[in-house]
Amino acid sequence: MLSVIQIQTIVGTIIFVLYFITILGLILVIIMENRNPLKTIPWVIVLLLLPGIGLLFYFFFGQDNQKQHIISRRTYKRIMKCPHGRHHQKDSHPVPEQYKVLATLLGSSNQFSLLYGSELTVYTHGKEKFKALVEEIEKAEHHIHLQYYIFNDDKIGCTIKDVLIQKARQGIEVRVLYDDVGCWNVKKSFFKEMKTAGIEIHPFLRVAFPIFSSKVNYRNHRKIVVIDGKTGFMGGMNIADRYSKGTSWGIWRDTHFKIKGQGVYGLQSAFLIDWYVITRQLMYNKIYYPQVPVFSDNRMQIITTGPTGQWRTFLQATIYTIANAKNYLYIQTPYFLPTEGLNQALQTVALGGIDVRLMLPKYSDTRMVQMASHSFIDDMIKAGVKVYFYNPGFLHAKMLVTDDMLACIGSANMDFRSFEHNFEINAFVYQEQFAREMKKIFLHDMHYCEKVVPGRWLKRPLKQRMLESFMRLFSPLL
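Here's a quick rundown of the structure. (Residues numbered from 1 in each chain as written. Predicted model: local features only at pLDDT ≥ 70, side-chain atom pairs only at ≥ 80, totals over all residues. Heavy atoms only, no water.)

With respect to the pairing of strand β12 (residues 355–361)
Put simply, the test is: Per-residue accessibility, obtained with a 1.4 Å probe over protein chains only, is compared with the maximum for each type, and a residue is labelled buried under 20%, exposed over 50%, and partly exposed between these values. Think of it this way: any DSSP run of H or I at least four residues long counts as a helix, any run of E at least two long counts as a strand, and we number them from the N terminus. In this description, strands pair whenever DSSP reports at least two bridges between them. Seen with its strands pointing away from the viewer, a crossover is right-handed if its path from the first strand over the helix to the second goes clockwise.
By the criterion of burial, β12 is predominantly enclosed, with seven of the seven residues buried. Neither face of β12 is open: one carries D355, R357, M359 and P361, the other V356, L358 and L360, and all of them are buried. Relative to β12, strand β11 (residues 328–332) runs parallel, the two sharing five bridges. What sits directly across from Y328, in β12, is D355. Regarding the hand of the β-α-β motif, the stretch spanning β11, helix α12 (residues 340–351) and β12 is right-handed. With five bridges joining them, β12 and strand β13 (residues 386–390) adopt parallel strand pairing. Bridging across to β13, M359 finds its partner in Y388.

Put into structure tokens, the structure is as follows:
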């Protein structure tokens, strides 16, 4: 008869073997998914070094959803082919010759239409943006569609909530989407008050027990407002006081945009697709795509990206834009964790003599990301990229401008999370006037930056460089 100790030893051995087989099997699954090795290796390291915690983390954050479809292709095409197609001919307002391939890429990958004649207003301070947003909401006559990653219940959040409730009571259709993880700290009563007042409001990909799952890693980072199908807002600002008041350690520098004209059709389609995903309500009536005037010679494509679908459209378009720069390329981003393709593209054009400038925050709200980000700067400056640290506070702006011809604006950062995990929205704008305006903003921000001096940067302490290099290993997971 076996003793208690022998039984415990046998049971322990069985548990260990089963656990080892589970971890080994999971590693094989990760390898067989044929992911980018840069993403596969960090997960294998995590599972080997921290098998228990690593298994839990992989379940929540590591599963590959690229092959999943959160919306049927038929429904997607139905919304994208909505009535705004009546108002413009595909080839009547072509993009500059240099960007025809880019426009075709965006058009063929996700059917993003070329939208002509929009008017764009730029806001670089939260007070200006929120003032304009409230004013436009108050003018609404038919519908208000609002979607934010963060919709805080602070002073500005309550102001916007109150005006939305006011419009709902006037009989205006008001629909709100907010990200469930981005708004974890917001009181449920805040959203319940809007719902009680007649606002249709839903969290995006709700995460809660017992269905707490890998959805937690795939968040809707978009910032979209559409008013009557004629006026819209997009960019980097969420609804929170810090965008106007700053933080205890400095200002919160961000960029946002108001759009009038056909560009709003792109925002509307993005919102209605997300609305369908959450509510299964299919809306493509022409009333949501009214006739709008032509304001300028602006041409733009509004693109949406996310963790599902075959293509990484934003990443592909960004690499193409960088590789085809002729004179200069300026980038602002709060988080810089480039894929290998993006990394090589930036170094290649810089080595080729293009004026490449990269502006990052000197102080970040995420220490681990900042350390990993700094590890990429070494090769950048060696290749001739000019790197600048923004000093007055946190730089949260996301912008790429090149050659006084093209600007990319929106919600996406230059990191793995925006390229592969988050649902993002960006606009590629083909207009000299707008590109020059964005370039002017970048050059103005440079006055508040310190330029990274290669000689000093490359001599920073060995301990610091080792820690940054270690965090770089996990950059695909951050």
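Looking at unusual backbone geometry
Of note, R280 is a non-glycine position whose phi angle comes to about 65 degrees, a positive value. Among the secondary structure elements, R280 is positioned in the loop between α10 (263–279) and β10 (299–305). With phi around 55 degrees, D403 is a residue other than glycine that occupies positive phi space. Relative to the elements of secondary structure, D403 occurs in the loop between β15 (399–402) and β16 (406–410).

Some details on the environment of I331
Inspection of the secondary structure assignment puts I331 in strand β11. Distance in space between the C-alpha atoms of I331 and L358 is 5.0 Å, their sequence separation being 27 residues.

As for the sheet that holds β16
Strand order in this open sheet of nine strands is β1-β10-β17-β16-β15-β11-β12-β13-β18, and the pairing throughout is mixed. Every interior strand has two partners, whereas the edge strands, β1 (115–116) and β18 (449–451), have only one. In this sheet, β10 lies alongside β1 in antiparallel orientation, the contact comprising two bridges. Across the sheet, residue Y116 finds its bridge partner in β10, namely R299.

Here's the deal with the side chain of T304
Inclusion rule: Contacts were defined at the residue level, with two residues in contact if any of their heavy atoms lie within 4.5 Å.
Here T304 lies in strand β10. Classification of T304 by relative accessible area gives buried; the value is 15%. Not counting residues within four places of it along the chain, the set of residues in contact with T304 comprises F112, R222, A270, E424 and I425.

Some words on the sheet that holds strand β3 (residues 143–148)
To keep it simple, the criterion reads: Axis lines are fitted to C-alpha atoms, over the contacting stretch for helices. Their N-to-C directions set the angle, which ranges from 0 to 180 degrees.
Strand order in the open sheet made by the seven strands is β2-β9-β7-β6-β3-β4-β5, with mixed pairing throughout. Each having just a single partner strand, β2 (119–123) and β5 (200–204) make up the two edges of the open sheet. Each strand of the sheet is rotated relative to its neighbour by a mean of 15 degrees, with strand direction disregarded. With four bridges connecting them, β3 and strand β6 (residues 224–227) associate as antiparallel partners. Counted as the bridge partner of H145 is V226 from β6. Strands β2 and β9 (256–260) of the sheet are contacted by helix α16 (residues 432–446), whose axis makes an angle of about 5 degrees with β2.

Points about the packing of aromatic side chains
For clarity, the threshold we go by: Stacked, tilted and edge-to-face are the three classes assigned to paired rings of Phe, Tyr and Trp, where Trp is represented by its six-membered ring and a pair needs centres within 6.5 Å; plane angles under 30 degrees give stacked, over 60 edge-to-face, the rest tilted.
This model, assessed by the stated rule, comprises 19 aromatic pairs. A ring pair is formed by Y99 and Y430, whose centres lie 6.1 Å apart and whose planes are at 45 degrees; its orientation type is tilted. With a gap of 331 residues between them, Y99 in the loop between α4 (73–80) and α5 (100–110) and Y430 in strand β17 (residues 424–430) connect regions that are remote in the sequence. Residue class for Y99 comes out buried when judged on its relative accessible area of 1%. Residue classification places Y430 among the buried residues on the basis of a relative accessible area of 1%. Ring geometry for Y330 against F442: centres 4.8 Å apart, planes inclined by 20 degrees, an arrangement best described as stacked.

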